[in-house]
Amino acid sequence: MHSLVLDIAGTLSAAANLFVVAAGLTLVFGAMRIINMAHGSFYMYGAFAVTTVLGVGAGWRFWLALLAGAVVAAVAGLTVEVTVIRRLYDAEHLTQLLATYAVLLIFADIGQRIWGTGYRTVNPPPVLASGISIAGGQVPRYQLFVIGVGAAVGLALWLMLARTRFGWLLRAAVQDPESVATGGTNLAWLRTGVFVIGAFLAGLGGALIAPMQSIAPGMDVSIIVSVFIVVTIGGLGSVAGAALGALLIGLAQTLGAEFFASWAASLIYLTMIVVLAIRPWGLLGVPER
Amino acid sequence: MHTDSLASSAEHDQVHLARPPARTTAGTVACVVVMGLLALAGVVWSPAALANLQEALGLVLFAVATNLLLGYGGLVSFAQAAFYGIGAYGVAIGWLHWKLPFWLGGLAGIAAAAVAAVIVGVISLRTRRLYFALLTLAFTQLFFVIADNQTAITNGATGIFGAMVPAWLAEPQGGYYFTLVVVVVVTLACYAFVRSPFGLTLKAIRDNRERAEALGVNVYRHQLAAFVISSIGCAIAGFLFAIYSQSASPDLLSWTNSGEPIFMAVLGGMHTFLGPVAGAIVYFYAQSYLTQHITDWQLVLGLLLLVIVLFKPSGLAGIGADAGRAVRRLRARTGGRA
C-alpha cells in the first residue's frame with residue numbers, strides 16, 4: 001500500500017502548487033473584480049527567473065531563486081497594473097479578458113527574447129533532493145516542502161484578510177469603494193498593492209514548480225486554464241474556494257492517471273462541468289446578479 | 001436601430017443621428033461591388049493568392065457566426081472553436097473510417113456540432129457572465145483533450161490528412177468559388193437572423209436581461225437557440241477549413257483558437273454586422289504578413305489588441321463611422337450636399 005502514500009503526497013503537492021497560483025488570481029478578482037489572463041505570464045516568469053538565478057549549480061541559492069522568481073513576477077505585476085489594469089476597473093469582463101490576453105501575448109514574446117524558446121530544467125536544493133520514508137513509501141522531500149508552502153500561503157492570506165487593517169480595507173473596498181476612498185485611503189494604491197500580491201503569488205507558484213517539471217514557453221497558457229478551472233470551481237473571489245478547487249483538481253488528476261489513463265486529462269474538465277452544472281456560481285461563490 | 005441596413009449598420013450605436021436614405025443604397029451598391037470583385041478575383045488572381053483568400057473567407061464566416069453570440073447576444077463563448085473543429089473532423093473522420101461521401105461527412109460533422117452545442121449550451125447557459133465564459137472554455141478543453149487522446153478515432157495530435165475532398169473542390173478555383181458562395185449565403189442568413197424578431201429579442205436580452213424577462217421572454221431558450229445557431233455557423237466554417245486544408249487536427253479545438261474569432265469581431269467592431277467581416281480580413285492578412293516578416297509577431301498583435309480594447313472599443317467600424325461623420329461635417333461646412 002506504499003503507493004497510496006505517494007499518491008496522497010503527489011496529489012497534495014500538486015494541489016498546493018495550484019492553490020498558490022490560484023489564490024493570487026482569486027484574491028485579485030475578489031478585491032477588484034478583475035479577471036487577469038496575464039496571471040499565467042507572471043507564473044511563467046517566476047519559473048524562468050528561477051532557472052536564471054540557478055544558472056550554475058544549486059545550493060543555498062535555491063532560496064534566493066525562489067524569492068527572485070516571486071519578486072520578478074511582482075515587478076511585472078506592478079508594471080501591468082499601472083499601465084493596463086487601472087483602465088479596466090469598470091470595464092466589462094470581455095474587455096478585461098481581451099486586454100489581459102493581449103498582455104499575455106506581449107509577455108510571451110518578451111519572455112522568448114529573454115529566455116529563448118527551448119525548455120529548461122532545474123534540480124531541487126540538496127536538502128530537499130532525497131526522499132523521506134513515510135509508511136513504507138519514499139516521499140520526495142520537495143513535495144512536502146511544496147505542501148508546506150501552500151499551507152503557509154493559505155494561513156498568511158487568511159491572517160491578512162481577517163486580521164490586518166489592509167485586509168479590512170480590502171474587504172470594505174469591494175463593498176463600497178467610495179466610502180473607503182472618502183475615509184482617506186488611497187484606493188489606487190490599495191488596488192495596486194493587491195494586484196502586486198497576486199502577481200507575487202503567481203511567481204512563487206511558478207518558482208515552486210520549477211524543480212518538478214520542465215520550464216518552457218507555453219506554460220503561461222496552460223497554467224491559466226488550470227487556474228481558471230480551480231477558481232471557478234471554488235467560486236470566483238473566494239480564497240477558501242481556491243483551496244477546495246485545487247484539492248478537487250489535484251484529486252481528479254491523480255485518480256484519472258490511476259484508473260482511466262486515456263481519459264485522465266478529461267477528468268478535470270468534467271469535474272468543473274459537473275460542479276458548475278450543480279452550482280453555477282462555484283462551491284463557495286456567491287450567486288451573481 | 002431597426003432601420004440599419006447591411007452596410008450602414010456600422011452606426012448601430014448612433015441611433016439618434018438621422019440617416020439619409022441614400023446611404024442605404026450606397027451601402028448595398030458597395031456590397032454588390034465587393035461581391036463582384038471577389039467573383040472576378042477567382043479568374044484574375046494567382047492560385048496562391050486565391051488559396052489565401054479562401055482561407056480568409058472561412059475565417060470571415062467563423063467571426064460572423066461567433067459574433068451572433070458575442071455582439072448580439074452579449075455572450076462570451078470560448079466553445080466556438082470546438083464546433084469549428086467538429087465541423088472539420090466530420091469530413092476527416094467520415095473519410096478516414098467509413099469512406100463516407102464527402103458531403104455526407106460534412107453534414108454529419110455540422111449535425112454533430114449542433115448536438116454538441118445543445119449539450120454545452122444547456123449546461124453553460126445556466127451560469128452567468130464570467131462563469132459562462134470559463135465554463136465554455138472547460139468544454140472546449142474537454143473536446144480538445146478527446147480529439148488529442150482518442151487516437152483510434154482522430155489519429156491524436158498528428159491529425160488526419162489526405163485527399164478527403166472531391167477533386168474539383170481541391171482545385172484553387174473550384175474551392176474558392178464554393179467557399180465564396182457558402183460564406184455569402186450563410187452570412188446573409190446570419191444577417192436575416194439578427195434582423196428577425198428573434199434577433200431583436202436577443203439584443204433586448206443583451207441590453208437588459210431583467211426587463212426582457214419581465215416582458216415574458218424566455219431568456220434561457222432564446223440564448224440556447226442562438227447558441228446552437230452560432231455553433232452551426234462555426235461548424236460550417238470548420239467544414240470550409242477541411243476543404244481548404246484537407247486536414248483536421250486537435251489544434252482547431254484549442255481554446256486559443258476560440259479567442260481568434262472573438263479578436264476578429266472586436267477588431268472590426270462587434271456591435272456591427274459587417275465589423276467582424278472586416279476584422280477577419282484585416283486580422284488574417286496582418287497576421288500572415290507579420291509572421292513572415294517579424295519574429296515577435298505576437299508582441300505586435302498583443303499591442304494592437306491592447307490599443308483597440310483600451311482606446312477604440314468600437315473597432316474598425318467605429319473608426320469608419322468617425323471618418324464618415326467627419327466627411328459629412330466637412331461637406332456640410334463647404335456647402336456641398338450632405
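The rules we used
Residues numbered from 1 in each chain as written. Chains lettered and ligands numbered in written order. Predicted model: local features only at pLDDT ≥ 70, side-chain atom pairs only at ≥ 80, totals over all residues. Heavy atoms only, no water. Helix = DSSP H or I, 4+ residues; strand = E, 2+ residues; numbered from the N terminus. Rg over C-alpha atoms; globule rule 2.2 N^0.38 Å. Buried < 20%, exposed > 50% of the residue type's maximum accessible area, 1.4 Å probe, protein only. Contact = heavy atoms within 4.5 Å. Areas by Shrake-Rupley, 256 points an atom, 1.4 Å probe, with all protein chains shown as cover. Lys, Arg positive; Asp, Glu negative; His and termini not counted. Charge placed at Lys NZ, Arg CZ, Asp CG, Glu CD. Expected span 1.5 Å × (residues − 1). Buried area = accessible area lost by both parts, 1.4 Å probe. Salt bridge = Lys/Arg side-chain N within 4 Å of Asp/Glu carboxyl O. Polar contact = N/O pair within 3.5 Å; in protein donor to acceptor, adjacent residues only side chain to side chain. Nonpolar A, V, L, I, M, F, W, Y, C, P; charged D, E, K, R; others polar. Phe/Tyr/Trp six-rings, centres within 6.5 Å; stacked < 30°, edge-to-face > 60°. Lys NZ or Arg CZ within 6 Å of the ring centre and 35° of its normal. Pairing = 2+ DSSP bridges. Axes fitted to C-alpha atoms, helices over the stretch in contact; angles between N-to-C directions. Parallel < 35°, antiparallel > 145°, perpendicular 65-115°, else oblique. Left-handed = near helix turned anticlockwise from the far one by under 90°.

Q: Give me the lowdown on the overall build of chain A, citing residues and values where you can.
A: Counting its secondary structure elements, chain A contains 11 helices and two strands. The linear arrangement of helices and strands in chain A, starting from the amino end, is α-α-α-α-β-β-α-α-α-α-α-α-α. Against the compact-globule benchmark of 19 Å for 289 residues, chain A has a radius of gyration of 19 Å, which places it among compact chains. Structurally, chain A occupies a C-alpha span of about 60 × 45 × 35 Å along its principal axes. A burial count over chain A gives 53% of its 289 residues as buried. Excluding contacts between residues fewer than 6 apart, the proportion of contacts in chain A whose partners are at least 24 apart in sequence is 75%. Summing over all exposed atoms, chain A offers an accessible surface of approximately 12,000 Å²; the carbon and sulfur share of this is 66%. Taken as two groups, the 13 positive and 10 negative side-chain charges of chain A have centres that lie 9 Å from each other.

Q: Describe helix H11 (residues 219–245) of chain B, and please don't skip the residues or the numbers.
A: All names here are of chain B. Compared with an ideal rise of 1.5 Å per residue, which puts 27 residues at 39 Å, H11 spans 38 Å between its outermost C-alpha atoms and is within 8% of the ideal. Of all 27 residues that make up H11, 20 are buried, and the element is covered over most of its length. Residue Gln-246 follows H11 closely and has a positive phi angle near 50°.

Q: Could you give me a rundown of the side chain of Ser231(B), with the residues and numbers involved?
A: Residue and element names in this part refer to chain B. By secondary structure assignment, the location of Ser-231 is in helix H11. By relative accessible area, which is 0% here, Ser-231 ends up buried. Not counting residues within four places of it along the chain, the set of residues in contact with Ser-231 comprises Gln-80, Phe-83, Ala-113, Ala-114 and Ala-117.

Q: How would you sum up the interface of chain B and chain A? Please name residues and give values.
A: Size of an interface, as often reported, equals the accessible area lost when the parts are brought together. Listed by partner, the interface residues are 41 residues for chain B and 44 residues for chain A. Roughly 3,900 Å² of surface becomes buried between chain B and chain A when both sides are summed, with 74% attributable to carbon and sulfur atoms. For Asp296(B), the salt bridge is made with Arg113(A), and the minimal N-O distance between the two is 2.8 Å. The interface formed by chain B and chain A holds eight residue pairs in polar contact (both at pLDDT 80 or more) in total. Counting only elements with at least two residues in the side of chain B that touches chain A, the list comes to helix H5 (129–149), helix H12 (255–268) and helix H14 (297–311) of chain B. For the side of chain B that touches chain A, the per-class residue count stands at 28 nonpolar, eight polar and five charged.

Q: Tell me about the packing of aromatic side chains, and name the residues and values.
A: Following the criterion strictly, the structure yields 26 aromatic pairs over all chains and no others. For the pair Phe78(B) and Trp255(B), a centre-to-centre distance of 6.2 Å together with 80° between the ring planes defines the contact as edge-to-face. One end of the pair, Phe78(B), is in the loop between helix H2 (47–72) and helix H3 (80–98); the other, Trp255(B), is in helix H12, with 177 residues separating them in the sequence. The two residues Phe78(B) and Trp255(B) agree in class, both being buried. Considering the side-chain rings of Trp168(B) and Phe178(B), the 6.1 Å spacing of their centres and the 90° angle between planes classify their relative orientation as edge-to-face. Here Phe178(B) lies in helix H8 (residues 172–195) and Trp168(B) lies in helix H7 (residues 167–170), a separation of 10 residues in the sequence. By relative accessible area, Trp168(B) is classed as partly exposed at 46%. In textbook terms, an aromatic cluster arises when at least three aromatic residues are bridged by ring pairs, as seen for Phe42(A), Tyr45(A), Phe48(A), Phe107(A), Trp115(A) and Phe195(A). Taking NZ or CZ as reference, Arg191(A) lies 4.4 Å from the ring centre of Tyr89(A), over its face. Taking the ring centre of Trp95(B) as reference, the NZ or CZ of Lys99(B) above it sits at 5.0 Å.

Q: Got a sec to walk through the pairing of strand S2 (residues 137–140) of chain A? Specific residues and values, please.
A: Of the two faces of S2(A), only one is covered, namely that formed by Gly137(A) and Val139(A); the face formed by Gln138(A) and Pro140(A) stays uncovered. Taken together, strand S1 (residues 131–134) of chain A and the strand that follows it, S2(A), pair antiparallel across an intervening segment of two residues, in which Ala135(A) is found at a positive phi of about 50°.

Q: Describe the pattern of salt bridges, naming the residues involved and giving the relevant values.
A: Residue and element names in this part refer to chain B. Tallied over the entire structure, the rule returns six salt bridges over all chains. The residue Asp-207 makes a salt bridge to Arg-206 at a minimum N-O spacing of 3.0 Å. Of the charged contacts, one joins Arg-209 and Glu-213 as a salt bridge, the two residues approaching to 3.9 Å between their closest N and O atoms. Taken together, the residues span about one helical turn, with Arg-209 and Glu-213 both in helix H10 (residues 209–214) at a distance of four residues. Exposure remark for Arg-209: the relative accessible area of 18% places this residue in the buried category. In the salt-bridge network here, residues are joined through shared partners; they are Lys-312, Asp-322 and Arg-325.

Q: Got a sec to walk through the packing of helix H2 (residues 39–53) of chain A against helix H8 (residues 187–209) of chain A? Specific residues and values, please.
A: Residues and elements named next belong to chain A. For the pair H2 and H8, the least separation of the axes is 7 Å and the interaxial angle reads 50°. One finds that H2 runs oblique with respect to H8. Helix-helix and strand crossings are classified by hand; for H2 and H8 the assignment is right-handed. Across the interface between the two elements, His-39, Phe-42, Tyr-43, Gly-46, Ala-47 and Val-50 from H2 touch Phe-195, Gly-198, Ala-199, Ala-202, Gly-203, Gly-205, Gly-206, Ala-207 and Ile-209 from H8. Of the residues belonging to the contact of H2 with H8, the class tally is nine nonpolar, six polar and no charged.

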